[in-house]
Amino acid sequence: MGIYTIRLPDVGEGIAEAELVEWHVSVGDTVNEDDVVAAVMTDKAAVEVPSSVTGTVSWLGGAIGDLIPVGEKLIQLTVEGEGNDTEVGIKAASQNAGSVTETKPKPAEAKEQSQRSTISDKPVPVEQTNPAASESFSHKPERAAAQPRAKGTKPLAAPSVRARAKEEGIDLRNVPGSGPAGRINHQDLSNFIEEGGANSVQPSSSKKNTKVKDVKVIGMRRKIAEKMALSKSRIPHITIVEEVDMTELEELRTALNKKHAGERTKLTLLPFLMRAIVEAVREQPELNARYDDEAGVVHQHGAVNIGIATQTENGLNVTVVHHAEAENLWDNATKVSQLADAARDGTIKLENLTGGTITITSLGKLGAIATTPIINHPEVAIVGINKMQIRPMWDGQQFQPCKMMNISCSFDHRVVDGWDAAVFVQKLKTLLESPAMLFVEG
Amino acid sequence: MSELKCKLLIIGAGPGGYVCAIRAGQLGVETIIVDSQAPGGTCLNVGCIPSKALIHAADQFHEIASAASGPLGISVGAPSIDLATTIAWKDGIVKRLNDGVSGLMKKAKVKHISGDARFLDGKTVTVQTSDGEQRIRAENVVIATGSSPTELPFLPFGDDILSSTEALSLQEVPKSMVVVGGGYIGLEIGTAFAKLGAKVTVVEATGQILPQYDSALSKPVSKRLQQLGIDVQLNTKASGFHKGKLQTDQGDIPADKVLVAVGRRPRTDSVGIDELMLSMDDAFIQINKSCQTSMRGIYAIGDVTGEPMLAHRAMAQGEMVAEIVAGHDLSWDKRCIPAVCFTDPEIVTCGVLPHELKGAKVSEFPFAANGRAMTTEREDGFIRIVARPEDDAVMGIQAVGVGVSELSATFALAIEMGATLQDIGATIHAHPTQSEGFQEAALRALGKALHI
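Chains are numbered independently. Their residues run from 1 in the order of the written sequence. The order in which chains are written sets their letters, starting at A; the order in which ligands are written sets their numbers, starting at 1. Note on the predicted model: pLDDT of at least 70 is required for a residue's local features to be given, and 80 or more for side-chain atom pairs to be given and counted; whole-chain, interface and lining totals, by contrast, use all residues.

**Topic: the overall build of chain A**
Counting from the N terminus, the helices are the DSSP runs of H or I reaching at least four residues and the strands are the DSSP runs of E reaching at least two. When helices and strands are counted, chain A shows eleven helices and 16 strands. Looking at the 442 residues of chain A, the share that counts as buried comes to 35%. C-beta atoms are placed from the backbone for every residue, and two residues are taken to be in contact when these atoms lie within 7 Å. Within chain A, contacts between residues separated by at least 24 positions form 63% of all contacts whose residues are at least 6 apart in sequence. Around each residue's C-beta, the other C-beta atoms within 10 Å are counted; 20 or more make the residue buried, 12 or fewer make it exposed, and counts in between make it partly exposed. All C-beta atoms are placed from the backbone.

**Let's talk about the interface of chain A and chain B**
Every contact between the two is made by twelve residues of chain A and, on the other side, 13 residues of chain B. Of the residues contributing to the side of chain A that touches chain B, the split by class is seven nonpolar, one polar and four charged. Gly is placed with the polar residues, together with every amino acid not listed as nonpolar (Ala, Val, Leu, Ile, Met, Phe, Trp, Tyr, Cys and Pro) or charged (Asp, Glu, Lys and Arg).

**Some thoughts on the sheet that holds strand 14 (residues 251-254) of chain B**
Residue and element names in this part refer to chain B. At least two bridges found by DSSP between two strands are what make those strands a pair. Here three strands make up an open sheet; going across it, the order is 12-13-14 and the pairing antiparallel. Two strands in the sheet have a free side with no partner beyond their single neighbour: strand 12 (238-242) and strand 14. With strand direction ignored, the average angle separating the axes of adjacent strands in the sheet is 25°. Pairing between strand 13 (residues 245-248) and strand 14: four bridges, direction antiparallel. Looking at strand 14, one finds that Gln247 is bridged to Asp252. In this description, a line fitted to the C-alpha atoms serves as the axis of each element, helices being fitted only across the stretch in contact, and the angle between N-to-C directions of two axes falls anywhere from 0 to 180 degrees.

**Considerations on the sheet that holds strand 5 (residues 46-50) of chain A**
All names here are of chain A. Strand order across the open sheet formed by four strands is 5-4-2-7, with antiparallel pairing between neighbours. Unpaired on one side and paired on the other, strand 5 and strand 7 (67-69) mark the two borders of the sheet. With strand direction ignored, the average angle separating the axes of adjacent strands in the sheet is 45°. The pairing of strand 4 (residues 36-41) with strand 5 spans five bridges and is antiparallel. Each residue of the ladder has a partner; that of Val40, found in strand 5, is Val47.

**Some points on the nonpolar core**
Nonpolar cores are built from buried Ala, Val, Leu, Ile, Met, Phe, Trp, Tyr and Cys residues. These are joined into a set through C-beta atoms within 7 Å. Membership of the largest hydrophobic core comes to 142 residues, with the highest contact counts inside it found for Ile11, Val142, Ile143, Val180, Val258 and Val394 of chain B. Apart from residues no more than four positions distant in its own chain, Val258 of chain B is found in contact with Leu155, Asp160, Ile161, Leu162, Val178, Val180, Phe241 and Leu246 of chain B. Listed in part, the 76 residues of the second largest apolar core include Tyr4, Ala18, Leu60 and Val321 of chain A.

**Some details on the pairing of strand 9 (residues 176-180) of chain B**
It is a general feature of regular strands that their side chains alternate between the two faces of the sheet. All names here are of chain B. With four of its five residues buried, strand 9 lies for the most part within the structure. Sheet topology note: the strand 9/strand 10 (residues 199-203) ladder contains five bridges and is parallel. Counted as the bridge partner of Met177 is Val200 from strand 10. A clockwise course of the path from the first strand over the helix to the second, judged with the strands pointing away from the viewer, identifies a crossover as right-handed. Since strand 9 and strand 10 lie parallel, the crossover through helix 6 (residues 184-195) that links them has a hand, and here it is right-handed. In this structure, strand 9 lies alongside strand 15 (residues 257-260), joined through four bridges in parallel fashion.

Next up, the structure:
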């Protein structure tokens, strides 16, 4: 029997550390070779860490949310034969405590850690090997077992307890009482509130809900939060909303889909819009750019790498279709759909999440009338599309039913003037309203 | 005609109304209270307080009159009483309390208007004052008009046919008095006049006096009535009064005065409440747990909302409504309303009676085994606890005995606090007091009685 240590592998170029977002195993589990043991989050992508051996998990190197340096011990297994390590993880970790402080919970953090485990509803096995964490449980005061109460009887409680329950919007009939005859004291009420009991009471009634649920912002959600804050705080946004008559384009799209039904990828609006962006930035290359504001340089790219904001279970992802200018409608359509699938099932590669030069965001049917899209930093423009619907439009003689759609485009006002922004939006409008122009070489 | 506006208008300055007004005033709610009587309502003017004064005077007189025949070795001559002086003394107490209530309301910045109120609509009331008609518009109205003695058509009040109000202001003790109605009001006043020397007969239509209580509780009272020479005629229906004789289906009973005490009815008609078309429970105004009536902004408290017609219930309701009007979220969640019957001996009830709780654990401790009771020459009565069988939670407490009215506080507190038999049994009760019987009753229910 020996100890086999798996270290956090190199999860991407230039990445020094990754955030531990999920343990797939716990101490004592048997793991086969190639079984996934953990998932870590890098700048954008979630990476799964497989086991290279078969064995039994003996030590876990961190808790969910910890940042683990690349090359640091991630997990240890007890294996047949010699293994690759002689140091048991706990010892190793304590020896390395100076350099890896974030991977091990400090006693002061232990309580927070235990709360975290209750929120995620997933065991955080590291606590089982952490004496500090188990101590924090023993601090909880012993609580007398609550007595069941016969149905239809009024709960026993002093007037002050009843008044407080009323104030908190709690039906005392649901509160377990620890006193004789199930009498409810102030502590019982406090416990009930603390344990979120208040929330379970008559959710339909309009009583005060004093419950606070703490959700740790970790992994992808943290990345999104950082990115959004960076973008919105750094970039002075200017947003222009314009309406576009999509009638003709919709006719064309329907016709194309009908013609190639079953053979080719079904065309959504996105490939047309990508095409329009490619055409529009040909005239305004300053909008297909990445602005390195610290260096004071706007990199205008030849490649039109279009980011597509994609909703996944874990939150917003921006998949990037590289070189949209070099692909036809169907190729772009295929790529968009493939990338979206990959993003949703978590298999997307880092390169397909980076390198965008301009982004499209769409809420589909939820698209509302207008949105104020946030630019995907360090890009300088984003095109948001809103819900399409038939609206009456005056053609000079009468109202015509037209398939209208609003587009909401935001620009980095530091490097894009309002005038240029307006020109871009008008160009998009023109192209989308007369789709033939999309395919005429400019 | 001027119009006044306020946030809260209270019609009726009885215990419910004036408490509501004081608390509302304290909470900064602009409040007007209207009543044609001096503040204090039935309770203070013609009910609780005057009757207790009369009962006290009668007790004193009776003690002295019977002292010579007692075991204490006291000899006195035959006493006499000038009832007019007694009544004047009683009126002085009432006046003091009227002034006290007025002062408290004034301190709370409540405007008191004297006169008869009448609803014009749900928000507007006119008051006939001595200076003319006063119109008042209010955001919230509290109906606290109380109740009045029920009149029997064949025994209309007037001359020798008295309601409790007149009985409490008699200037001399009648030679004979027939009390129609064996409820607590009739028995309290009837007993007092018997002690003062009147020949008292109680006529009760049903087969039991104090019909709201079980026979164990009323039995010591029946026995005492007999000792005092009060003739109780059960299953007897009065039918009229003619030439100094009360006519009943069991024959005529001579009577200088007839006290009709057959209950009280809510006072809704004279105020125009009937025209508001509020939802009613029989003759009473229907209210919810926050004392709101079926009309928004109109509350009702006290006797006008039904049984039990008790001043302290009205006070608690009044206080609650004031808080609600001031914006606090409250509702009625009292576990018990103690009730005291100032008969001889007194009866206290609090919470459920034995027959009202299935499988109840019932335990009694008789005052015959209580040292303090023996030293006051009165060993009649007992304290009784009704507990939930499964967990010994105390659901009801009753007592009958001299002076037990003061025990009502500890009984109510035990129930409101959710006490169990063990709690009461483990609390030290001072010796020698009647209250020891409370602890003993609890211990007895637990099979651990010490003194019985």
